[in-house]
Amino acid sequence: AEPRALLLSSVPGVRVETLAPLPAAHRQAGALLRLLHGLPVEDDDPVSLADALAQRLEAWSARAPGIVDAAGVDWVRGRVIEALPLLAGLARVPCHRDYTGRNWLWHGNALYLIDFEHARPDLAFMDFERLWRGVWREQPPLREAFLEGYGRPLSGDEEALLERLAALGALSTVVWAAQHRDAPFEAEGRRWLQQL
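Residues numbered from 1 in each chain as written. Predicted model: local features only at pLDDT ≥ 70, side-chain atom pairs only at ≥ 80, totals over all residues. Heavy atoms only, no water.

(A) Highlighting the packing of aromatic side chains. The tally for this structure, following the rule as stated, stands at nine aromatic pairs. Pairing Tyr99 with Phe146 gives two aromatic rings, centres 6.2 Å apart and planes at 70°, and the pair type is edge-to-face. Separated by 47 residues along the polypeptide, Tyr99 in the loop between strand E2 (93-95) and strand E3 (104-107) and Phe146 in helix H6 (residues 140-150) bring together distant segments of the chain. Here the two residues Tyr99 and Phe146 agree in accessibility, since each one is buried. Arranged with centres 5.8 Å apart and planes meeting at 75°, the rings of Phe128 and Phe146 form a pair that is edge-to-face. One end of the pair, Phe128, is in helix H4 (residues 126-133); the other, Phe146, is in helix H6, and 18 residues separate them in sequence. Summarising the burial analysis for this pair, Phe128 and Phe146 share the class buried. Above the plane of the ring of Trp132 lies Arg137, whose end atom (NZ or CZ) is 4.5 Å from the centre. (Phe/Tyr/Trp six-rings, centres within 6.5 Å; stacked < 30°, edge-to-face > 60°. Helix = DSSP H or I, 4+ residues; strand = E, 2+ residues; numbered from the N terminus. Buried < 20%, exposed > 50% of the residue type's maximum accessible area, 1.4 Å probe, protein only. Lys NZ or Arg CZ within 6 Å of the ring centre and 35° of its normal.)

(B) The arrangement of the nonpolar core in detail. Core analysis: the biggest nonpolar cluster contains 46 residues, and Phe128, Phe146 and Leu171 have the highest contact counts within it. For this core, the elements supplying multiple residues, two or more each, are helix H1 (23-38), helix H2 (49-63), helix H3 (70-83), E3, H4, H6, helix H7 (156-179) and helix H8 (183-195). Tallying contributions element by element places H7 first for this core, with 11 residues. What Phe128 contacts, discounting residues up to four positions off in sequence, is Leu33, His37, Trp136, Phe146, Leu147, Tyr150, Leu154 and Leu162. (Core = buried A, V, L, I, M, F, W, Y, C linked by side-chain atoms within 4.5 Å. Contact = heavy atoms within 4.5 Å.)

(C) Focus on the pairing of strand E4 (residues 110-113). With four bridges joining them, E3 and E4 adopt antiparallel strand pairing. Within E4, the position partnered with Leu105 by the bridge is Tyr112. (Pairing = 2+ DSSP bridges.)

(D) The pattern of salt bridges, seen in detail. Throughout the structure, instances matching the rule amount to 19 salt bridges. With its nearest N and O atoms 3.7 Å apart, the salt bridge here joins Glu2 to Arg4. Judged by relative accessible area, Glu2 falls into the exposed class, the value being 63%. Looking at Arg4, the relative accessible area reads 72%, which means it is exposed. Between Arg92 and Asp45 there is a salt bridge whose closest N-O contact spans 3.7 Å. With a gap of 47 residues between them, Arg92 in the loop between H3 and E2 and Asp45 in the loop between H1 and H2 connect regions that are remote in the sequence. With a relative accessible area of 9%, Arg92 lands in the buried category. Using a relative accessible area of 38% as the deciding quantity, one classes Asp45 as partly exposed. (Salt bridge = Lys/Arg side-chain N within 4 Å of Asp/Glu carboxyl O.)

This is the structure we're talking about:
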């Protein structure tokens, strides 16, 4: 009901990304994300998910000259175009949109989520994308724990979609980091682009 509000509070803990690999934290992260994605939301956005993804691509591509060469941007464009048919039948769900270990606090045996700055209804797999191109590649047991907590494995089509979303995610990371003079984050984005 109006007015809409989000009540935030301080929570204890240490960022999960700074800890040794901790499957229990990833399992809880998967379970919490499943709860978030399951919250009711009215998808009244007049822009389809496919059009929204295409618009994101164009926005990041327009900011890329001088940062990412044209061939790299074209490669990402091709990957995103391949993703568009995979969005058919999908709806927006409540998303965190920066769902990584840097926004999970571990305290005792409990996980707390922080930094809802970018949260909004979106494609559920936007919350998987950074994990898919990062920690899940480096630590497969953490992926298994997360998906166990989430309650299901990913289908082949979902894996294909994540691979394509990861290309756009890597491009946006490089561009954003370069424009904000965050050299380590830019290097990480370039490494992701190279790996993909």
